[in-house]
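Close look at the chain arrangement
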Amino acid sequence: MHSMSTSTDDDDLPGEFTRQQAGRESTGTTLSEASFRKRYRHANRRKRQDGGWRIAPLPPAVRERTIQLTKQPGVQYGFRIQKSRPIVITEVDKDSPAERAGIRVGDILTSVQNRDVTDCKHSDAVTIIKQGPSDHLTLTVATTLGNTLRDMGGEPVAAGYLHKLSGGRVGRQWRKRWFVLKKDNVLYYYKTEEEKEPLGTIVLANYTITPAHEIGRTHAFKASRFNTRTYYFSAGSEGDMDMWSNLLNQASAQSAKLDVWLDISMNNVRLPALSIPEPDYHGYLSKLGYVHKVWRRRYCVLKDGCLYYYTDYNSKRAIGVAHFHGYRVEPMTTSGKSCTFCLTPPSPDIRTFYFSADNDTEKLKWMERLEESLGRWIKVD
């Protein structure tokens, strides 16, 4: 997991998609699916002793490493940890001892000063750090590396037919596929239920699953993650859509080893705007879309570092949610738009979010409340 910037945008529709295409369906194999199958066969085949070939699964990879940090008096180690179990690195300062030592956002802290902290509270880990030497620190961190070519992911958690929007730029079509969610938190899809080899897989770590009202199809939902493809699906009923959305969100959280706040945000995104309990702040903001760069006015609800945005204050479900843990709130100026500010990520490969308030008073209130909400994260000196 990296510091979460998972979000969904109603203005960020797939390229070349029109609502007229919403009804087009096919069961044919796309070029991307054919390419996946070729790579799947190549990566998974193993030579038998008798000279034949068989399909074998590739194992998952977890990279664990011990890091020695040193610093001068008055200098910080330069990383932040999440209030969670397991403890996750959520921010690494540029040119800090932590960055130079190779610590990355999303690393899981497993030991501090040779003491196991995999099941410790964050406050206990901070205490261990502060009780140790002031100029050096020994950490063990783990990074889980997703493997997209696994066919044997354990017993299925759920299986059934869904329609999936093909990923090509031209002639996008809805295609009926047999989907299998397995215990490895990977979603496999096949041409039919009888097929043995998948047409493709989706490693669900850090994806957020939300309704896709903008796609113009009944019971549609999407799996989105910053800086990568958004997947669109449709189910046969609202009940099936809710079931798949819940299971995929759970798999995403388990795969990324996220804290309870993400579980809560997954529930909150399905609540009406006025039903999120004890919000940190709420009101109207204009948000700049990531793909089409269009300002859209949204009713926003801030809760525990997560911003839920709705079409209007009486909307029944959120259009999407952005997780701002590890972000910084900064003022900005832009031509043609007043009262603007932005949230900048801890890493340049994560999305920056831009907002505009109705007036200067609201701008200052939003910035203040965002800083308070994000300030609940722990900084390690």
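Read on for a plain summary of the structure. Since the model is a prediction, treat every value here as computed from it, not as a measurement.

Remarks on unusual backbone geometry
Phi at N114 is positive, roughly 65°, even though this residue is not glycine. Relative to the helices and strands, N114 is located in the loop between β7 (108–112) and β8 (115–116). Positioned with a positive phi, E278 is a non-glycine residue whose angle comes to about 45°. Inspection of the secondary structure assignment puts E278 in the loop between α5 (260–268) and β17 (281–288). On the accessibility criterion, E278 (67% relative accessible area) is exposed.

Notes on the environment of Y231
With respect to the element layout, Y231 can be found in strand β16 (residues 231–234). For Y231, a relative accessible area of 12% translates into the label buried. Measuring from C-alpha to C-alpha, the distance between Y231 and L165 comes to 7.2 Å, with 66 residues separating the pair along the chain. Contact partners of Y231, with chain neighbours within four places excluded, come to K164, I202, Y207, F221, K222 and A223.

Topic: the packing of aromatic side chains
This model, assessed by the stated rule, comprises 13 aromatic pairs. Plain terms: the ring middles of F324 and F355 are 6.3 Å apart, the flat faces sit at 85° to each other, and that makes the pair edge-to-face. Of this pair, F324 sits in the loop between β20 (320–323) and β21 (328–331) while F355 sits in strand β23 (residues 353–356), and the two are 31 residues apart along the sequence. When sorted by exposure, F324 lands in the same class as F355, which is buried. The rings of F324, Y327, F341, F353 and F355 are connected pair by pair, giving a single aromatic cluster. Residue placement shows K182 over the ring face of Y188; its charged tip is 5.1 Å from the ring centre. The aromatic ring of Y309 is capped on one face by K287, whose charged end is 4.5 Å from the ring centroid.

Topic: the nonpolar core
In this structure, F324, F341, L343, F355 and W366 are the most contacted members of the largest nonpolar core, which totals 23 residues. At the level of secondary structure, the elements contributing two or more residues to this core comprise β17, β18 (295–303), β19 (306–310), β22 (340–344), β23 and α6 (360–374). It is α6 that contributes the most residues to this core, four residues altogether. Grouped together as the second largest cluster of nonpolar side chains are 22 residues, I67, I89, V117 and V126 included.

Notes on α6
For α6, which comprises 15 residues, the first-to-last C-alpha distance of 21 Å matches the rise-based estimate of 21 Å (1.5 Å per residue) to within 8%. What α6 keeps buried is the set E362, K363, W366, M367, L370, S373 and L374. Looking straight down α6, one finds its buried side chains confined to an arc of 135°; they lie on one side. Facing away from the buried surface of α6 by more than 90 degrees, the exposed residues are D360 and L364. At its buried positions, α6 is contacted by β17, β18, β19, β21 and β22. The opening residue of α6 is N359, an N-cap whose side-chain oxygen sits 3.2 Å from the backbone nitrogen of T361.

Here is what the cut-offs are and how they apply
- Residues numbered from 1 in each chain as written.
- Predicted model: local features only at pLDDT ≥ 70, side-chain atom pairs only at ≥ 80, totals over all residues.
- Heavy atoms only, no water.
- Helix = DSSP H or I, 4+ residues; strand = E, 2+ residues; numbered from the N terminus.
- Buried < 20%, exposed > 50% of the residue type's maximum accessible area, 1.4 Å probe, protein only.
- Contact = heavy atoms within 4.5 Å.
- Phe/Tyr/Trp six-rings, centres within 6.5 Å; stacked < 30°, edge-to-face > 60°.
- Lys NZ or Arg CZ within 6 Å of the ring centre and 35° of its normal.
- Core = buried A, V, L, I, M, F, W, Y, C linked by side-chain atoms within 4.5 Å.
- Expected span 1.5 Å × (residues − 1).
- Arc of directions from axis to C-beta.
- Polar contact = N/O pair within 3.5 Å; in protein donor to acceptor, adjacent residues only side chain to side chain.

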